[in-house]
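Residue-level listing of the chains:
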Amino acid sequence: MKIPSGWIRAAVGTLITILTIDVVLLTLKVNKLETYIQNTSVISPVDPLKPGDQVNSFTAQSLDGSQQTISYSDTQSTYLLFVLSTTCPHCEENLTKWRSIVEKIGEECFIVGVSIHDVKQTMQYIVDKDIPFYMVSVADTSFQTSYRISGVPATILIDSGGRVAKSWTGKLDDGQVDDIVTLTRQSLDRTIN
């Protein structure tokens, strides 16, 4: 049975009309979506902490689930924060450098790991990775906002009184590890004298 050519032309014409309408509608939706994305995802870059910046104490969950305030009120102490995500491969790679720092400065300053995940994930991470330093959890974003954390891993050296001595974002190299150890000892010398 042969289909009349008029039917074929009508079917092809109808199909072309439907496809044209679909293309126009999709184009309109794409334009609307692009406008929405431009208006809602304008994220200004976060300026990392700089030497001399003042940071405030923060509230975290200790591993037993209780609230704990990390403050910088001890004028004889220097603080070193290791900020990490339990799912970040770069943080895991940084663990070797952080362990090296802990071995070199030992108990000379207050070292705390700050996990941006909940206590349960943090505890599992500590067990799996054999973490040699004290850890707390800050699962809400207030810490990241006030400490201007735009990415992890981050290492922050804080003098007594909450003044930033220096901060490092990303994986550390051997030179940075040496800098951290040197700056930590210099900071400790200033607080003692």
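Our structure's up above, just so we're on the same page.
Quick look at the structure, then. Not measured: the values here are computed from a predicted model.

1. Description of the overall build of the protein chain
Here comes step 1: Secondary structure summary: the protein chain contains 5 helices and 7 strands in total.
Here comes step 2: For the protein chain, the α and β elements follow one another from N to C terminus as α-β-β-β-α-β-α-β-α-β-β-α.
Here comes step 3: In terms of C-alpha radius of gyration, the protein chain reaches 27 Å, well past the compact-globule figure of 16 Å for 193 residues.
Here comes step 4: Summarising its shape, the C-alpha atoms of the protein chain cover approximately 100 × 35 × 35 Å along the three principal directions.
Here comes step 5: Residues classed as buried in the protein chain amount to 36% of the 193 residues present.

2. Side note on unusual backbone geometry
Here comes step 1: With an omega dihedral of 5 degrees, the bond running from V152 to P153 counts as a cis peptide bond.
Here comes step 2: Relative to the assigned elements, P153 resides in the loop between α4 (142–146) and β6 (154–158).
Here comes step 3: The backbone of D130 shows a phi angle near 55 degrees, a positive value even though the residue is not glycine.
Here comes step 4: Residue placement: D130 occurs in the loop between α3 (119–129) and β5 (134–137).
Here comes step 5: Residue class for D130 comes out exposed when judged on its relative accessible area of 60%.
Here comes step 6: Of note, the phi angle at R148 is positive, near 50 degrees, even though the residue is not glycine.
Here comes step 7: As for its placement among the helices and strands, R148 is situated in the loop between α4 and β6.
Here comes step 8: Among the residues examined, R148 registers a relative accessible area of 29% and is labelled partly exposed.

3. Focus: the pattern of salt bridges
Here comes step 1: Applying the stated rule across the entire model yields 8 salt bridges.
Here comes step 2: Of the charged contacts in the structure, one is a salt bridge between R148 and D53, with a shortest N-O distance of 2.9 Å. Within this pair, whereas R148 is found in the loop between α4 and β6, its partner D53 is found in the loop between α1 (5–40) and β1 (58–61), the two being separated by 95 residues in sequence.
Here comes step 3: K97 is paired through a salt bridge with D174; the nearest N and O atoms lie 2.5 Å apart. Taken together, the residues span a long stretch of sequence, with K97 in helix α2 (residues 89–105) and D174 in helix α5 (residues 174–192) at a distance of 77 residues.

4. Some words on α3
Note that an α-helix has 3.6 residues per turn; residues three or four places apart therefore point the same way.
Here comes step 1: Taken residue by residue, α3 has V119, T122, Y125 and I126 as its buried positions. Taken around the axis of α3, the buried residues stretch over an arc of 120 degrees, which confines them to a single face. Projecting away from the buried face of α3 at angles above 90 degrees are the exposed residues K120 and V127.
Here comes step 2: In this structure, the buried residues of α3 make contact with β1, β3 (79–84), α2, β4 (110–115) and β5.

Reading the values: rules and limits
Residues numbered from 1 in each chain as written. Predicted model: local features only at pLDDT ≥ 70, side-chain atom pairs only at ≥ 80, totals over all residues. Heavy atoms only, no water. Helix = DSSP H or I, 4+ residues; strand = E, 2+ residues; numbered from the N terminus. Rg over C-alpha atoms; globule rule 2.2 N^0.38 Å. Buried < 20%, exposed > 50% of the residue type's maximum accessible area, 1.4 Å probe, protein only. Salt bridge = Lys/Arg side-chain N within 4 Å of Asp/Glu carboxyl O. Arc of directions from axis to C-beta. Contact = heavy atoms within 4.5 Å.

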